[in-house]
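# Descriptive analysis of the structure
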2 protein chains.
Amino acid sequence: MHSVKDEIRRIGLVKVSEPRERLLRTATRLFYEEGINGVGVDRVVAEAGVTRATMYRHFPGKEALVVAYLEHEDAMIRDLFAAAADQAATTGASPSDLLALVIDGVADDATRLHTRGCPFINASAEFPDADGPVRAVVRRHRDWFRATLTELASAADAEDPAATAAALVLLRDAMLVGSYLDGGDVAASFRSTARRVAGLASLT
Amino acid sequence: MHSVKDEIRRIGLVKVSEPRERLLRTATRLFYEEGINGVGVDRVVAEAGVTRATMYRHFPGKEALVVAYLEHEDAMIRDLFAAAADQAATTGASPSDLLALVIDGVADDATRLHTRGCPFINASAEFPDADGPVRAVVRRHRDWFRATLTELASAADAEDPAATAAALVLLRDAMLVGSYLDGGDVAASFRSTARRVAGLASLT
DNA sequence: GCAAAGAGAACGAACGTTCTCTCTACATTC
DNA sequence: GAATGTAGAGAGAACGTTCGTTCTCTTTGC
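Scoring rules and cut-offs
- Residues numbered from 1 in each chain as written.
- Chains lettered and ligands numbered in written order.
- Predicted model: local features only at pLDDT ≥ 70, side-chain atom pairs only at ≥ 80, totals over all residues.
- Heavy atoms only, no water.
- Near = heavy atom within 4 Å.
- Polar contact = N/O pair within 3.5 Å; in protein donor to acceptor, adjacent residues only side chain to side chain.
- Helix = DSSP H or I, 4+ residues; strand = E, 2+ residues; numbered from the N terminus.
- Least-squares fit on C-alpha atoms with pLDDT ≥ 70 in both.
- Contact = heavy atoms within 4.5 Å.
- Domains from an automatic or database assignment.
- Buried area = accessible area lost by both parts, 1.4 Å probe.
- Salt bridge = Lys/Arg side-chain N within 4 Å of Asp/Glu carboxyl O.
- Nonpolar A, V, L, I, M, F, W, Y, C, P; charged D, E, K, R; others polar.
- Axes fitted to C-alpha atoms, helices over the stretch in contact; angles between N-to-C directions.
- Parallel < 35°, antiparallel > 145°, perpendicular 65-115°, else oblique.
- Left-handed = near helix turned anticlockwise from the far one by under 90°.

## Quick word on the protein's contact with DNA strand D
Around DNA strand D lies a shell of 21 residues, among which A:Val41, A:Tyr56, A:Lys62, B:Arg57 and B:His58 are the nearest. Considering DNA strand D, the proportion of its atoms within 4 Å of the protein that are sugar or phosphate atoms stands at 58%. Contacts to DNA strand D include A:Arg52, whose side-chain N or O atom sits 3.3 Å from a base oxygen. Here a phosphate oxygen of DNA strand D sits 2.9 Å away from a polar atom, N or O, in the side chain of B:His58. At the level of elements, helix 1 (4-11) and helix 4 (52-58) of chain A together with helix 2 (19-34) and helix 4 (52-58) of chain B are the ones that each hand at least two residues to the surface near DNA strand D. Ranked by residues supplied to the surface near DNA strand D, first place goes to helix 4 of chain B with 5 residues.

Shown next, in the form of structure tokens:
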């Protein structure tokens, strides 16, 4: 006998989301848009269409859900970098072109997806314990981000790869914060400034 | 008959703080260091040595206390600017010198007092309602900050005062975030970069 | 048959807020 | 100068709500 889910799957309309998926997606949306401490577990499970028991079956507690949320954000940015690298590889782009691609991707991400600041900066405002698991994810993310940019800058023959990466991290932080609190098209000035500090042609 | 407070006052050891003062000072410390939503009213009144009733006599509610906290932060930065202006006036410093003084003051403030990020950025992470009173304070502060820097840059004969001010705001945001999350001496690079974008001599 | 999910009650704790009661400080009045 | 009135602060109980978490029970899917 076929279930409703089977039927949906068979028709191929939509893939039925597993509870964990829905939980993570809902938590990502709510935590980012309304702050972590401002959103209770009840809200998350209700909007995810899941019961509390199911949530605690997948996550030991709320903090684990927060960590999963941040790791999901981290994975998305890594995907962005990977996509840029793929595109550069297939089109035979130079390391400088790849750096430009990454800069464009980051700017695009900020204007389309992350209009309420940086998830990691925001989470750090709510989690003062520097030794806690949440801040550990933030640290890992930022370390990876900086290290990756250093590699890219190095491959693109930047004069001082570490300094270039530091400047790009700085610019991205400021762009995310600025576009959230001040509005306006900060992404455009980010792109031009980032290209300049990266030693790229500032055409566009 | 003399009370304990009278005695303390008479001896002149310490000036007894008014409850409102203690509340605001305690709230400022706790909200900044542990996040706003993470600190309950009980914590604030307990550490301020004040009863709940007294708090609600001075503030309509917690949100009013948050607003007062941010306005206090705002006032401190304005004082910093005023002090720099006074110093410049008494020493007959040029507008460029004043701009340099302000940059130094901001850098010094970030290294000594604000090592846990920007109070306004952090508060905005916890208060998603852009139309609420908290975000209104943030907006006022940032508008004033930008406008004042524009004036200073204009007086210092910067090429593009508005762009210079925007760059300085950006740099300050990034310094505060960076020193909190990444550690290290971000203030030094802030000073040199800020002086450069402000068109000042970059000799330390 | 068994693991996973739904449904919902229940827990103690903490939240923001309001209340009553007492005491002290200080200005007004006799 | 002593008595009195009043506003402000201390002490603490209590409100209803929400928090994060755990529980039992039933239903579903493979």
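## Overview of the relation of the copies chain A and chain B
For the pair chain A and chain B, the superposition axis carries a translation of 0.0 Å, the fit reaches an RMSD of 0.0 Å, and the rotation angle comes to 180 degrees. The symmetry that links the two subunits is that of a two-fold axis. Nearest to the rotation axis, the C-alpha of A:Ala174 is located 2.6 Å from it, this being the minimum over chain A. The share of interface residues of chain A whose copies in chain B are also at the interface is 100%, consistent with both copies meeting through the same surface.

## Some thoughts on the domain arrangement of chain A
All names here are of chain A. By the assigned domains, chain A splits into domain 1 (14-59) and domain 2 (66-204). Opposite the 11 residues of domain 1 that make contact, domain 2 presents 14 residues. Interface area for domain 1 against domain 2, summed over the two sides, is near 1100 Å², with a carbon-plus-sulfur share of 64%. Sorting the residues of domain 1 by area buried against domain 2 places Thr 28, Tyr 32 and Ile 36 first, and these three jointly supply 60% of that buried surface. At the junction of domain 1 with domain 2, the criterion picks out 0 salt bridges. In terms of residue class, the side of domain 1 that touches domain 2 is made up of 5 nonpolar, 4 polar and 2 charged.

## Some words on the interface of chain A and chain B
Interfaces are often described in size by the accessible area the parts lose on coming together. Listed by partner, the interface residues are 25 residues for chain A and 26 residues for chain B. Roughly 2100 Å² of surface becomes buried between chain A and chain B when both sides are summed, with 60% attributable to carbon and sulfur atoms. In this assembly, chain A and chain B are joined by 4 salt bridges. Residue A:Asp182 is joined to B:Arg142 by a salt bridge in which the shortest nitrogen-to-oxygen separation is 2.8 Å. Here chain A and chain B share 10 residue pairs in polar contact (both at pLDDT 80 or more) between them. Elements with a minimum of two residues in the side of chain A that touches chain B: helix 2 (19-34), helix 7 (119-126), helix 8 (133-155) and helix 9 (161-181) of chain A. Considering every element that reaches the side of chain A that touches chain B, the biggest residue donor is helix 9 of chain A, with 7 residues. Each residue belonging to the side of chain A that touches chain B can be placed in one class, and the counts come to 11 nonpolar, 5 polar and 9 charged.

## Re the packing of helix 2 of chain A against helix 3 (residues 41-48) of chain A
Residues and elements named next belong to chain A. Interaxial distance between helix 2 and helix 3 falls to 9 Å at its minimum, and their mutual angle equals 130 degrees. Regarding the angle of helix 2 to helix 3, the classification is oblique. For the crossing formed where helix 2 meets helix 3, the hand is right-handed. For the pair formed by helix 2 and helix 3, the contact residues are Arg 22, Leu 23, Thr 26, Ala 27, Arg 29, Leu 30, Phe 31 and Glu 34 on the first element and Arg 43, Val 44, Val 45, Glu 47 and Ala 48 on the second. The residue inventory of the contact of helix 2 with helix 3, partitioned by class, reads 7 nonpolar, 1 polar and 5 charged.

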